Amino acid sequence: MKKWLLKEGNGKLFASLMAILIGMVFGFIILLIAAAVAPKASYPLDGLYTIITGGLRYSGIKGFGTVLRYATPVILTGLSVGFAFKTGLFNIGAAGQYVMGGFAAAYIAVKWTFIPLEYLWIVGLLGSILVGGLWGLISGLLKALRNVNEVISSIMLNYIGMITVSTLVILIPDPFNPSRTKVPLSQIPTFGLDTLFGKNTVDVGIVIAILVAIMIYVILEKTTFGYELKACGFNRNAARYAGINDKRGIILSMTISGALSGLAGGLVYISSITKVFDQSLVLQKEGFDGISVALLGLSNPIGIIFSGFFIGMLRNAGTPLSRSGFNEEVVRIMTSTIIYASAFSLIFREKLTKFLTRKVGK
Amino acid sequence: MSYIIEMLNITKEFPGIIANDDITLRIKKGEIHALLGENGAGKSTLMSVLFGLYKAENGQILINGKECKIHNPNDANHYGIGMVHQHFKLVHNFTVLENVVLGVESLKHGILDMSEAEEKVIELSHKYNLFIEPQALIADISVGMQQRVEILKMLYRKNEILIFDEPTAVLTPQEIDELMKIMKNLANEGKTILFITHKLNEIMSIADRVSILRKGKLIDTLDVDKVNKEQLSELMVGRKVMLEVIKDLAKPTEEILVVKDLCVKSNRHQKNTVNHVSFSVRRGEILCIAGIEGNGQTDLVYALTGLTKVDQGHIFYKGEDITHKSIRYRSTHGIAHIPEDRHKHGLILDYNLAQNLILQTYFKDTYQKNGFLNFSSIYTNAEKTIDRFDIRSGNRSKSITRSMSGGNQQKVIVAREIETNPDLLIAVQPTRGLDVGAIEYIHKTLVEQRDSGKAVLLISLELSEVMSVSDRILVIYEGELVGQADPLHVTPQELGLFMSGSKREVIQ
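Values in this document were obtained by computation on a predicted structure and should not be read as measured data. (Residues numbered from 1 in each chain as written. Chains lettered and ligands numbered in written order. Predicted model: local features only at pLDDT ≥ 70, side-chain atom pairs only at ≥ 80, totals over all residues.)

### Digging into the overall build of chain B
Line of reasoning, step 1. From N to C terminus, chain B includes 17 helices and 24 strands.
Line of reasoning, step 2. Relative to the globule expectation of 23 Å for 508 residues, the C-alpha radius of gyration of chain B, 25 Å, shows essentially globular dimensions.
Line of reasoning, step 3. When burial is assessed residue by residue, chain B has 44% of its 508 residues classed as buried.
Line of reasoning, step 4. A separation of at least 24 residues holds for 68% of the contacts in chain B among residues at least 6 apart in sequence. (Helix = DSSP H or I, 4+ residues; strand = E, 2+ residues; numbered from the N terminus. Rg over C-alpha atoms; globule rule 2.2 N^0.38 Å. Buried ≥ 20, exposed ≤ 12 C-beta atoms within 10 Å, placed from the backbone. Contact = placed C-beta atoms within 7 Å.)

### Brief notes about the overall build of chain A
Line of reasoning, step 1. Helices and strands together make up the secondary structure of chain A, namely 17 helices and zero strands.
Line of reasoning, step 2. Taken over 362 residues, chain A has a buried fraction of 51%.
Line of reasoning, step 3. Counted over contacts in chain A with a minimum sequence separation of 6, partners at least 24 positions apart contribute 77%.

### Focus on helix α4 (residues 114–127) of chain B
Line of reasoning, step 1. Here α4 of chain B is 14 residues long and its end C-alpha atoms lie 20 Å apart, about the 20 Å a rise of 1.5 Å per residue gives.
Line of reasoning, step 2. Downstream of α4 of chain B by one or two residues, Asn129 of chain B has phi in the positive range, about 55°. (Expected span 1.5 Å × (residues − 1).)

### Thoughts on the pairing of strand β10 (residues 192–197) of chain B
Side-chain positions along a regular strand alternate between the two faces of the sheet.
All names here are of chain B.
Line of reasoning, step 1. Most of β10 sits inside the fold, with six of its six residues counted as buried.
Line of reasoning, step 2. Where strand β3 (residues 32–37) meets β10, five bridges bridge the pair, whose relative direction is parallel. Along β10, the bridge assignment pairs Leu36 with Thr197.
Line of reasoning, step 3. Pairing of strand β9 (residues 161–165) with β10 involves five bridges; the strand directions are parallel. When the bridges of β10 are listed, Ile161 appears paired with Thr192. (Pairing = 2+ DSSP bridges.)

### Observations concerning the domain arrangement of chain B
Residue and element names in this part refer to chain B.
Line of reasoning, step 1. For chain B, the domain assignment lists domain 1 (3–237), domain 2 (242–334 + 422–508) and domain 3 (351–421).
Line of reasoning, step 2. Computed from C-alpha atoms alone, the centre-to-centre distance between domain 1 and domain 3 is 36 Å.
Line of reasoning, step 3. Listed by partner, the interface residues are six residues for domain 1 and seven residues for domain 3.
Line of reasoning, step 4. Of the residues that constitute the side of domain 1 that touches domain 3, the class distribution is two nonpolar, three polar and one charged. (Domains from an automatic or database assignment. Nonpolar A, V, L, I, M, F, W, Y, C, P; charged D, E, K, R; others polar.)

### Considering the environment of His198 of chain B
Residue and element names in this part refer to chain B.
Line of reasoning, step 1. Topologically, His198 is positioned in the loop between β10 and α7 (200–206).
Line of reasoning, step 2. Note: C-alpha distance between His198 and Arg392 (194 residues apart in sequence) is 18 Å.
Line of reasoning, step 3. Contacts of His198, omitting those with residues within four sequence positions, involve Leu36, Gly37, Glu38, Asp435 and Val436.

### Overview of the pairing of strand β23 (residues 472–477) of chain B
Residues and elements named next belong to chain B.
Line of reasoning, step 1. Among the six residues that make up β23, five are buried, leaving the element largely enclosed by the rest of the structure.
Line of reasoning, step 2. Of the pairings in the sheet, the one linking strand β15 (residues 286–290) to β23 comprises four bridges and is parallel in character. The partner of Leu287 across the bridge, within β23, is Arg472.
Line of reasoning, step 3. Bridge analysis of β23 against strand β24 (residues 480–485) gives five bridges, and the strand direction is antiparallel. For Ile476, the partnering residue across the bridge sits in β24 and is Leu481.
Line of reasoning, step 4. Counting the residues that bridge the hairpin from β23 to β24 gives two residues, and of these Glu478 lies at a positive phi of roughly 45°.

### Section: the nonpolar core
Line of reasoning, step 1. Residues Ile75 of chain A together with Ile163, Ile426 and Val475 of chain B are the most contacted members of the largest nonpolar core, which totals 228 residues.
Line of reasoning, step 2. The biggest single contributor to this core is helix α5 (residues 94–111) of chain A, with 13 residues.
Line of reasoning, step 3. Apart from the residues lying within four places of it in its own chain, the contact partners of Val475 of chain B are Ala290, Gly291, Leu481, Val482, Gly483, Leu495, Phe498 and Met499 of chain B. (Core = buried A, V, L, I, M, F, W, Y, C linked by C-beta atoms within 7 Å.)

### Some points on the packing of α5 of chain A against helix α12 (residues 246–269) of chain A
Residue and element names in this part refer to chain A.
Line of reasoning, step 1. In the contact formed by α5 and α12, the axes pass within 6 Å of each other and the chain directions differ by 50°. Overall, the two elements α5 and α12 adopt an arrangement that is oblique. Judged by the twist between their axes, the crossing of α5 over α12 is right-handed. Between α5, through Ala94, Gln97, Tyr98, Val99, Met100, Gly101, Gly102, Ala105 and Ala106, and α12, the contact on the second element is made entirely by Gly258, Ser261, Gly262, Leu263, Ala264, Gly265, Gly266, Val268 and Tyr269. (Axes fitted to C-alpha atoms, helices over the stretch in contact; angles between N-to-C directions. Parallel < 35°, antiparallel > 145°, perpendicular 65-115°, else oblique. Left-handed = near helix turned anticlockwise from the far one by under 90°.)

### Re the sheet that holds strand β17 (residues 320–321) of chain B
Residues and elements named next belong to chain B.
Line of reasoning, step 1. Reading across the sheet, the four strands line up as β14-β13-β16-β17 and stay open at both edges, with antiparallel pairing between neighbours. Looking at which strands have only one partner, the edges of the open sheet turn out to be β14 (272–282) and β17.
Line of reasoning, step 2. Across two bridges, the pairing between strand β16 (residues 312–317) and β17 is antiparallel. Bridge pairing links Phe316 to Asp321 in β17.
Line of reasoning, step 3. Across the face of the sheet, helix α9 (residues 297–305) comes into contact with β13 (255–265), β14 and β16 while running at roughly 60° to β14.

### Structural notes on the domain arrangement of chain A
Residues and elements named next belong to chain A.
Line of reasoning, step 1. Domain annotation for chain A reports domain 1 (1–53 + 317–362) and domain 2 (72–313).
Line of reasoning, step 2. Between domain 1 and domain 2, the residue contacts involve 10 residues of the former and six residues of the latter.
Line of reasoning, step 3. Taken together, the elements giving at least two residues each to the side of domain 1 that touches domain 2 come down to α2 (8–37) and α16 (329–343).
Line of reasoning, step 4. If you tally residues by element for the side of domain 1 that touches domain 2, the top one is α16, at five residues.

### A few points about the packing of helix α4 (residues 56–86) of chain A against helix α9 (residues 205–222) of chain A
Residue and element names in this part refer to chain A.
Line of reasoning, step 1. Relative orientation of the contacting elements α4 and α9 amounts to 15°, with a least axis distance of 8 Å. When the axes of α4 and α9 are compared, the pair comes out roughly parallel. α4 and α9 meet at a crossing whose hand is left-handed. Two secondary-structure elements touch here, α4 through Leu68, Ala71, Thr72, Ile75, Leu76, Leu79, Phe83 and Lys86 and α9 through Gly205, Ile206, Ala209, Val212, Ala213, Ile216 and Leu220.
Line of reasoning, step 2. In terms of residue class, the contact of α4 with α9 is built from 12 nonpolar, two polar and one charged.

### As for the confidence of the model for chain B
Line of reasoning, step 1. Averaged over every residue, the pLDDT of chain B is 87; the share at 70 or more is 98%.
Line of reasoning, step 2. Scored as a whole, the predicted complex attains pTM 0.75, and scored at its interfaces, ipTM 0.80. (pLDDT = per-residue confidence, 0-100.)

### Examining helix α14 (residues 406–419) of chain B
All names here are of chain B.
Line of reasoning, step 1. Between its first and last C-alpha, α14 extends 20 Å over 14 residues, near the 20 Å set by a 1.5 Å rise per residue.
Line of reasoning, step 2. With 12 of 14 residues buried, α14 lies mostly within the body of the structure.
Line of reasoning, step 3. Listed as buried for α14 are Gly407, Asn408, Gln409, Gln410, Lys411, Val412, Ile413, Val414, Ala415, Arg416, Glu417 and Ile418.
Line of reasoning, step 4. In the core, the buried residues of α14 are packed alongside β18 (335–338), α11 (342–346), α12 (353–357), α13 (375–389), β21 (424–428) and α15 (436–451).
Line of reasoning, step 5. A positive phi of about 55° marks Asn421, the residue just after α14.

### Observations concerning the sheet that holds β21 of chain B
Residue and element names in this part refer to chain B.
Line of reasoning, step 1. Read from one edge to the other, the open sheet built from six strands follows the order β18-β21-β22-β15-β23-β24, with strand pairing classed as mixed. Only two strands of the sheet have a single neighbouring strand rather than two, namely β18 and β24. Taking each pair of neighbouring strands and ignoring which way they run, the sheet shows an average axis angle of 20°.
Line of reasoning, step 2. Sheet contacts for α14: β18 and β21; angle to β18, the most-contacted strand, approximately 175°.

Now the structure itself:
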């Protein structure tokens, strides 16, 4: 057991689980306080149970479909942030890439009727990858060629993307009427996943997200391309010394990162749920959830699948929680606590190693 | 005879390695006690245990005969133990005085009172001939001076036991002489000095006694006046070590690298850091470019290896103009480079040993197929290299290079560069910070490369290395080649004149 924990990867897993535990405990404390002051909320344990089960105790298998629906985009934006992070870049522009990708997909799905309907959704998703990638590419080019910090450029591109989309939605006439942006023509197929989860809105998107995560894992860990990108991320000077084109690395890495967020948008905006392009000039939260998911998954693509599910579960617990008389916001507090705690995961791991080595020594 | 410090049966383990194995060390009051050992022998670990940075699994520490528990550096300070680390712990935008009082500031009515402290600092500086200017900024003073500030910090805290971790590694020869004087002075005033080193000359010149560590074990503690350098190095390495480089006369053949009128502009000022440099290197010789640090060596090497742009002039390699060729082109065409800074350029510290060994070859067919890394061949090759070059680490090919000792990290780089079977090996300060065993090994490797018909370009700051390894010497001063010499017929003093710019001649 000790040896198992001392292995690098397992220690990391332990740190993430610790973060979740801390978040749970903190959330429970909030529930206790709420129970003490609000007469309606009298069963804090019941509330905690609702959160831990992701609200599935009420909705069952159908609820699990909703969890998958929530998890799909955040797994991809999580991968986007995690991938950039592994290559030494901080892509904080997932929100902009997400909305641009989503718009591209929706536009294609609505307007490009010259393509047979059964393939149109594929072209739409490819469009979202392309446009999201383009949005990432801009930051990559600025960083590689002009040494502009990618954090700053990608934050600004978030707003540029958001405003571009809300302008385009108004400029392009029917059927892009902001009041009914639901994609009428080509949607992502469900392959029976919707009936499997009790007539829910699940489609093949979740499968795509998981496959992409595995693909990113393979690229990072098994290919020469991933070896190059990670080398640039760990030590740009040494990568240059080894003859690796570090500028190319930065550009490609930001482009891929952007493409992943773009795909996340595509999977949301041409799915069967009615998602309207927001006119209120608010950044889409899927983008920032990506940062949380990547942090909790420690930037590991496989870890990100699980942390994406987990964040989806928590989000799904919001509405059922009000049945126990608590405010939905408790879930958000809990999520934030977990993110904070996972940012400290390094400290947990250090303490753990110290504790264990001391014991082994004795 | 009573001892000021007794470290009894100290055992300290790290995952996969026993850094200190049942070590017993006794230090007399007022002596200069040297701790000698190879890289990774456990010297620094032992001192860190004494200073409270690590906690030993076993053993006890007695100070003035009383058992002490030292949990952290504050405890150590309380017992009068101070330490100068290899990398100084100073705040660069603070003055000397502010650095000295940091953590032990004296207050007057709750307000910082610096005047009293300044008097004390000046007094101490006077007493020990430290010549310190209390109001100077750390960022403005030389490395040697910064070290004195560290010493002053210990004196200000009234420490009686002073630990120095490889104090001379960062100093110029003159600064080393002065440090030696200061250390003697401190010992005469009754301070006890413990210093970690692997330089035999320093031990012979100032230490009273020496304890030798090898692979985590204490080999012996000896009086310095009863031993000689050869015996010490044998005890340290565990076998006879050649302190002299043994080699035949060079038999140079064709010119492999020809540099013509090379200029590199500085990115900080208007002057050229490499100014109209021309020379050539032939197969079968070791050409050494000697000079004091910061005279354009770094940019010259960057230009030769492609890390920086050439502004004027040409580089010919095997007759081909490679002035504007890429780094990759050069490394795949037989130019190997042992870089000056192994952490900045030489290694990706978060990659493991095997991954670092393929840094320039990962794209070759042996290590990949259709873009997928071939892990079985990467790790089998790494294991072979580890055995061939005797690289020591906790987890062999899977060791993260960050966790390895400096000497073994350097071995990884040397192994990687030589495995590519280069025609031209550019080695920049290949033995910096290494112990005699590793130095001997690297020098031998350089000579072997030469003897097998390779050209070796050695850039070195160490005069002894320049004199003993090279077949031909060029001296660089302010970016220009100012002198040439035959190592068999030149004295260090003559080279020193060229290196300091006092003498210059036209190079043919």
